[in-house]
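# Per-entry structural report
In case you want the letters, here they are:
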Amino acid sequence: ELARQARAAEGAPELLRALHARGARVGILTRNSYANSLETLRACGLASFFAPDCIVGREAAAPKPDPDGIHRLLGGWKAEPRDGVMVGDYRFDLLAGRAAGTATVYVDVSGEFPFAAHADVSVRSLVELVERLA
């Protein structure tokens, strides 16, 4: 029920459109279940941006901060860690990205950035990230 009430973060559709326009592949690594992830994406209107095999839930990989899920996504794309970016809003997201060898982007809407030491880039919103991509 909570998944059905989810709403996309401001800037999420624009970020995903910009990434797709660049030919980037996108995936989700979550501690949530695969089924809840799909339902959340549907409720947010973002499901069309993600191939089903590019959503890695808790059933498919060790939980973050373990880099296993990132390695699975990169392996499926035949991509190297240096070509990847982990975007997250919590320390475990950033630690997983670091452990996998990807760049890391920290999104903290509070602007306090307590985990900034683990990030290559820190932004207050996805809107700001879209602006930086431009």
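Residues numbered from 1 in each chain as written. Predicted model: local features only at pLDDT ≥ 70, side-chain atom pairs only at ≥ 80, totals over all residues. Heavy atoms only, no water.

Our next topic: unusual backbone geometry. For the bond running from Lys64 to Pro65, omega is 20 degrees, close enough to zero to count as cis. The backbone of Lys78 sits at a positive phi, close to 55 degrees, despite the residue not being glycine. If you trace the backbone, Lys78 turns up in the loop between α3 (68-77) and β3 (85-88). Residue classification places Lys78 among the exposed positions, given a relative accessible area of 76%. Located in the positive-phi region is Phe113, a residue other than glycine, with phi close to 50 degrees. Here Phe113 shows up in the loop between β4 (103-107) and β5 (121-123). (Helix = DSSP H or I, 4+ residues; strand = E, 2+ residues; numbered from the N terminus. Buried < 20%, exposed > 50% of the residue type's maximum accessible area, 1.4 Å probe, protein only.)

Strands in a sheet are paired, the pairing made by backbone hydrogen bonds, and the direction either parallel or antiparallel. Strands sit in the order β3-β4-β5 across an open sheet of 3 strands; the sheet is parallel. At either margin of the open sheet sits one strand with a lone partner, and together these are β3 and β5. Pairwise comparison of adjacent strand axes, ignoring direction, gives a mean angle of 15 degrees for this sheet. Pairing geometry for β3 and β4, over 4 bridges, is parallel. Residue pairing for β4: Val85 is matched across the bridge by Ala103. Contacts between helix α4 (residues 91-100) and the sheet are confined to β3 and β4, with β4 contributing the most and set at about 170 degrees to the helix. Here helix α5 (residues 126-133) sits on the sheet and contacts β3, β4 and β5; the angle it forms with β5, its principal contact strand, is near 130 degrees. (Pairing = 2+ DSSP bridges. Axes fitted to C-alpha atoms, helices over the stretch in contact; angles between N-to-C directions. Contact = heavy atoms within 4.5 Å.)

On to the environment of Ser110. Note that Ser110 resides in the loop between β4 and β5. When the C-alpha atoms of Ser110 and Leu15 are compared, they prove to be 20 Å apart, with 95 residues separating the residues in sequence. A polar contact is formed between the side chain of Ser110 and the side chain of Asp108, at a distance of 2.7 Å. (Polar contact = N/O pair within 3.5 Å; in protein donor to acceptor, adjacent residues only side chain to side chain.)

What follows deals with helix α2 (residues 34-44). For α2, every residue scored as buried is listed here: Ser37, Leu38, Leu41 and Cys44. End-on, the buried residues of α2 take up no more than an arc of 135 degrees, which puts them together on one face. Along α2, the residues that are exposed and aim more than 90 degrees away from the buried face are Ala35 and Arg42. On its buried face, α2 is in contact with β1 (28-29) and β2 (55-56). Looking one or two residues past α2, Gly45 carries a phi angle of roughly 75 degrees, positive in sign. (Arc of directions from axis to C-beta.)

All right, on to the packing of helix α1 (residues 12-21) against α5 then. Packing of α1 against α5 brings their axes to within 8 Å, and their N-to-C directions diverge by 30 degrees. In this view, α1 runs roughly parallel relative to α5, as classed from their interaxial angle. Crossing of α1 against α5: the hand is left-handed. Note on element contacts: α5 touches α1 through Leu126, Leu129, Val130 and Leu133, opposite Ala12, Glu14, Leu15 and Leu19. (Parallel < 35°, antiparallel > 145°, perpendicular 65-115°, else oblique. Left-handed = near helix turned anticlockwise from the far one by under 90°.)

One pass over the full model with this rule turns up 4 aromatic pairs. Taking 5.6 Å as the distance between ring centres and 80 degrees as the angle between the ring planes, the aromatic pair formed by Tyr106 and Phe113 counts as edge-to-face. The rings of Tyr90, Phe92, Tyr106, Phe113 and Phe115 are connected pair by pair, giving a single aromatic cluster. (Phe/Tyr/Trp six-rings, centres within 6.5 Å; stacked < 30°, edge-to-face > 60°.)

Keep in mind that these numbers describe shape and distance, not what the molecule does.
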